Amino acid sequence: MESFAGRVAVITGAASGLGRAFANTAASLGMKLVLADVDAEGLERATDELQAGGAEVLSMVVDVRKAAHVEELADAALIRFHCVHLVFNNAGVGAGGLIWENSETDWEWVLGVNLWGVIHGVRVFTPLMLECARRDPAYDGHIVNTASMAGLLNPPAMGAYNVSKHAVVSLTETLYHDLRLVDARVAASVLCPYFVPTDIDRSGRHRPHELQHVGAPTASQQAAQALLSKAVHAGKVSAAELAAITFDAIREGRFYIYSHPQALGSVAERMQAIVQGGPPADPYAATPQMTQMLKAGLKGRG
Ligand SMILES: NC(=O)c1ccc[n+]([C@@H]2O[C@H](COP(=O)([O-])OP(=O)(O)OC[C@H]3O[C@@H](n4cnc5c(N)ncnc54)[C@H](O)[C@@H]3O)[C@@H](O)[C@H]2O)c1
């Protein structure tokens, strides 16, 4: 996809962080925006600011875990703009800690947003984009699913998140192959950021009431939270820079999009261990201080 002006971008998780940065970049390129988020106040703020800058914006409070919400979003987008061209299935949340200490509600929440949100986005928007392509010979579209480096590595004490993001990589690779079977004018990419300063370390702020964590956080959950906050806010690539990288990748038709390609050595080591049948490679081999921080946090365990 090479031209953006006048075309329509749908962005989930648009009130904050990467989603907000995608919205800013899309607006600066003259795109019309369909913004969705569970955070009504943040969404209103983003909408007001983008409209004040001249963008045409449709915004909707959407919980991406819910099929009906995503379907309503697509219906509203079609009524207002007739077609969509760029879809960012981006909303995501994190919950850390030793994998056996994640509660049922932790799993349900993380998989609900990170995986089911992308499933619904792909299931609802892909047929609609293929239909746009069928009607318009000049159409091209692109779906970008936000995974993570945690979709290519399995760092300790973030199991539910790792599982959700590996599933998003798998889903998006399959989407890529399936699209090639039917119509190459809708493309797909998977975004795999490493640590980028956003509010991801405060994702509990919009956690639904019925899926609240039960009881006090365990030592491992506290250690994982502290590590996440430290790593995210030490991130050297900003959300705005990553949005620019992502739009370049869309222009160039690149599938895998990275914020920190220098971290891919750990992915290569993981793949080598898989092929050679060894034990899993240490995802933090290049940054042992991360493991040390987790171990120090665990010392308080009973
Ligand atoms: N920031 C990082 O270091 C990093 C690294 C790898 C991957 N990611 C991924 O990037 C994506 C964006 O996260 P971010 O870093 O911008 O965090 P963020 O918390 O700043 O933004 C996430 C947005 O998603 C929204 N959201 C949460 N649950 C939702 C739901 N059920 N329905 C609709 N919206 C919902 C939040 O309200 C928020 O506005 C996520 O998928 C995250 O997993 C982030």
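An account of the accompanying structure is given in this report. (Residues numbered from 1 in each chain as written. Predicted model: local features only at pLDDT ≥ 70, side-chain atom pairs only at ≥ 80, totals over all residues. Heavy atoms only, no water.)

**So, unusual backbone geometry**
What counts is decided by this rule: Each helix is a run of H or I in the DSSP string that is no shorter than four residues. Each strand is a run of E no shorter than two, and both are numbered from the N terminus. Accessible area is worked out with a 1.4 Å probe on protein chains only. A residue is then buried under 20% of its type maximum, exposed over 50%, and partly exposed in between.
One non-glycine residue with positive phi stands out, namely histidine 82, at about 75 degrees. Mapped onto the elements, histidine 82 comes out in the loop between helix 3 (67-81) and strand 4 (86-89). When its relative accessible area of 57% is taken as the criterion, histidine 82 is described as exposed. At alanine 157, a position not held by glycine, the phi torsion is positive, near 60 degrees. Take alanine 157: it is sitting in the loop between strand 5 (141-146) and helix 5 (159-182).

**Things to note about the state of the cysteines**
This is how it is decided: Counting rule for disulfides: a pair of cysteine sulfur atoms within 2.5 Å.
Summed over the entire model, instances satisfying the criterion amount to one disulfide. Between the sulfur atoms of cysteine 83 and its disulfide mate cysteine 132 the distance is 2.1 Å. One end of the pair, cysteine 83, is in the loop between helix 3 and strand 4; the other, cysteine 132, is in helix 4 (residues 104-135), with 49 residues separating them in the sequence. The class of cysteine 83 is buried, set by a relative accessible area of 13%. Residue cysteine 132 is classed as buried on the basis of its relative accessible area, which comes to 3%.

**So, the nonpolar core**
What counts, and what does not: For the purposes of this section, nonpolar cores are sets of buried Ala, Val, Leu, Ile, Met, Phe, Trp, Tyr and Cys residues that join through side-chain atoms within 4.5 Å.
Core analysis: the largest hydrophobic core is formed by 51 residues, its most contacted members being Val34, Val84, Phe125 and Met129. The element that contributes the greatest number of residues to this core is helix 4, accounting for 12 residues. The next biggest cluster of nonpolar side chains, apart from the first, holds 30 residues, and it includes Ala26, Leu35, Ala239 and Ala249.

**Here we look at the site of the ligand**
The test is simple: The rule for a residue being near a molecule or strand is that one of its heavy atoms must lie within 4 Å of it. By the criterion applied in these results, polar contacts are pairs of N or O atoms within 3.5 Å in which, for protein atoms, one can donate a hydrogen and the other can accept it, and in which residues neighboring in sequence qualify only through two side-chain atoms. Method for areas: the Shrake-Rupley scheme with a 1.4 Å probe, in which residue coverage is limited to the protein chains shown. Note on residue classes: Ala, Val, Leu, Ile, Met, Phe, Trp, Tyr, Cys and Pro are nonpolar, Asp, Glu, Lys and Arg are charged, and everything else, Gly too, is polar.
Close contacts around the ligand come from 31 residues, with Ser16, Leu18, Asp37, Tyr161 and Thr198 the closest. Valine 64 is positioned with one of its backbone polar atoms (N or O) 3.0 Å from a nitrogen atom of the ligand. For the ligand, an oxygen atom lies 2.6 Å from a polar atom in the side chain of threonine 198. The protein chains hide 97% of the 830 Å² of surface that the ligand would expose on its own. Put simply, the parts of the chain that give the shell around the ligand at least two residues each are helix 1 (17-28) and helix 5. When its residues are assigned to classes, the shell around the ligand shows 16 nonpolar, nine polar and six charged.

**Section: the layout of surface pockets**
Defined as follows: For cavity detection a 1 Å grid was placed over the protein atoms alone, and a set of points counts as a cavity when a 1.4 Å probe fits there but cannot get out; an open set counts as a pocket when protein lies on both sides within 12 Å along at least five of seven lines, with lining residues being those that have an atom within 4 Å of a point. Grid points are joined across faces, edges and corners, and a volume is the space filled by probe spheres set on the points.
Within this model, the second largest pocket holds a volume of roughly 530 Å³. In terms of lining residues, the second largest pocket is bounded by 21 residues, among which Tyr194, Phe195, Thr287, Gln289 and Met290 are the most central. The residue makeup of the lining of the second largest pocket, split by class, is 11 nonpolar, seven polar and three charged.

**Structural notes on helix 8 (residues 264-276)**
Let me state the cut-off plainly: What a helix is expected to span follows from its residue count: subtract one and scale by 1.5 Å. Note that the arc is computed from the directions linking the helix axis to the C-beta atoms.
The end-to-end C-alpha distance of helix 8, which contains 13 residues, comes to 18 Å, matching closely the 18 Å that a straight helix rising 1.5 Å per residue would cover. Looking at helix 8, one finds that the buried residues are Ser266, Val267 and Ala273. One side of helix 8 holds all its buried residues, which, seen down the axis, span an arc of 120 degrees. Turned more than 90 degrees away from the buried face of helix 8, the exposed residues are Val275 and Gln276.

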